[in-house]
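As a plain string of letters, each chain reads:
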Amino acid sequence: MTSRRAILIAGPTASGKSAKAIEYAKSWNGVIINADSMQVYRELQIITARPGPSDESIVPHRLYGTVSGSIRYSVGQWITDVTNEIESAESKGLLPILVGGTGLYFKALTEGLAAIPDLPEEVIETWRARAREEGPQALHALLLERDPEMAHRLEPSDGQRVARALAVLEATGRSLLDWQKQHP
């Protein structure tokens, strides 16, 4: 993505990000775009403090509640979606105002993502199932044997990331860290 003019507002849940974003959007003809990994899900409005209909009636909001909780949504998919929303806002003369608490989303937006090939769904599901059955610590111990450098970067309790690292290793024969070092 090329360098663009936008406002990025980050912070913890219920810290006033949405109110500040609405203030900016009203002042500078903006559109608020979700940059929070949980607020994208339709079913999580209350527990994520997602802006409600009254906020959404004041200024346009995008990428809030657009995905079913039953669908796996990734930062890579968000990058595609947010790029479309930013381009749409710019084409209408609106200032994109990205709001969220997910540092990974902002990092991916500003620094890019490693170009990891698509992984076979069965490999991903196998490692997710093992994480559920055996627990994240057991998988972390396995990752420590197979890919110690990557394992040292992950928390043993982070089953999702540990399973992802193992899936990448199995499917590509390369460490996730190798892919990340080969940054786009």
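How each quantity is defined
- Residues numbered from 1 in each chain as written.
- Predicted model: local features only at pLDDT ≥ 70, side-chain atom pairs only at ≥ 80, totals over all residues.
- Heavy atoms only, no water.
- Helix = DSSP H or I, 4+ residues; strand = E, 2+ residues; numbered from the N terminus.
- Expected span 1.5 Å × (residues − 1).
- Contact = heavy atoms within 4.5 Å.
- Buried < 20%, exposed > 50% of the residue type's maximum accessible area, 1.4 Å probe, protein only.
- Pairing = 2+ DSSP bridges.
- Axes fitted to C-alpha atoms, helices over the stretch in contact; angles between N-to-C directions.
- Left-handed = near helix turned anticlockwise from the far one by under 90°.
- Nonpolar A, V, L, I, M, F, W, Y, C, P; charged D, E, K, R; others polar.

Q: Would you take a moment to explain helix H3 (residues 75-91) for this structure?
A: Taking 1.5 Å as the rise per residue, H3 with 17 residues should run 24 Å; its terminal C-alpha atoms sit 24 Å apart, in good agreement. Where H3 is buried, its residues touch strand S2 (30-34), strand S4 (95-100) and helix H4 (103-111). Phi turns positive one or two residues past the end of H3, at Gly 93, with a value near 75°.

Q: In this structure, what is going on with the pairing of strand S1 (residues 7-10)? I would like to understand it.
A: The two faces of the sheet receive side chains in turn, since in a regular strand these alternate between them. Side chains Ile 7 and Ile 9 project from S1 onto a buried face, and the interleaved Leu 8 and Ala 10 project onto a face without burial. As paired elements, S1 and S4 share four bridges and run parallel to each other. Looking at S4, one finds that Ile 9 is bridged to Val 99.

Q: Can you walk me through the pairing of S2 in this structure?
A: In terms of residue burial, S2 counts as a mostly covered element, since five of its five residues are buried. The side-chain alternation of S2 yields two buried faces, one formed by Gly 30, Ile 32 and Asn 34 and the other by Val 31 and Ile 33. Judged from the five bridges that link them, S2 and S4 form a sheet pairing that is parallel. Across the sheet, Ile 33 pairs through a bridge with Leu 98, a residue of S4. Sheet analysis places S2 next to strand S3 (residues 61-62), joined by two bridges and oriented parallel. Within the sheet, the bridge partner assigned to Ile 32 lies in S3 and is His 61.

Q: Sorry, what's going on with the packing of H3 against H4 here?
A: Two packed helices can be described by the angle between their axes and the distance between those axes. One can describe the packing of H3 onto H4 by two numbers: an axis separation of 10 Å at closest approach and a directional angle of 65°. Here H3 and H4 pass one another in a crossing that is right-handed. From H3, Val 75, Trp 78, Ile 79, Val 82 and Ile 86 reach across to H4, where they touch Leu 104, Tyr 105, Ala 108 and Leu 109. Of the residues that constitute the contact of H3 with H4, the class distribution is nine nonpolar, no polar and no charged.

Q: Explain the sheet that holds S4 to me, please; I cannot follow it from the model alone.
A: Each strand in a sheet pairs with another by means of backbone hydrogen bonds, the pair being arranged parallel or else antiparallel. One open sheet accounts for four strands, arranged S1-S4-S2-S3; its pairing is parallel. Strands with a single pairing partner mark the edges of an open sheet, and in this sheet they are S1 and S3. Against the sheet, helix H1 (residues 17-28) touches S1, S2, S3 and S4, its axis set at about 175° to S4. Set on the sheet, H3 makes contact with S2, S3 and S4; between it and S4 the angle comes to about 150°.

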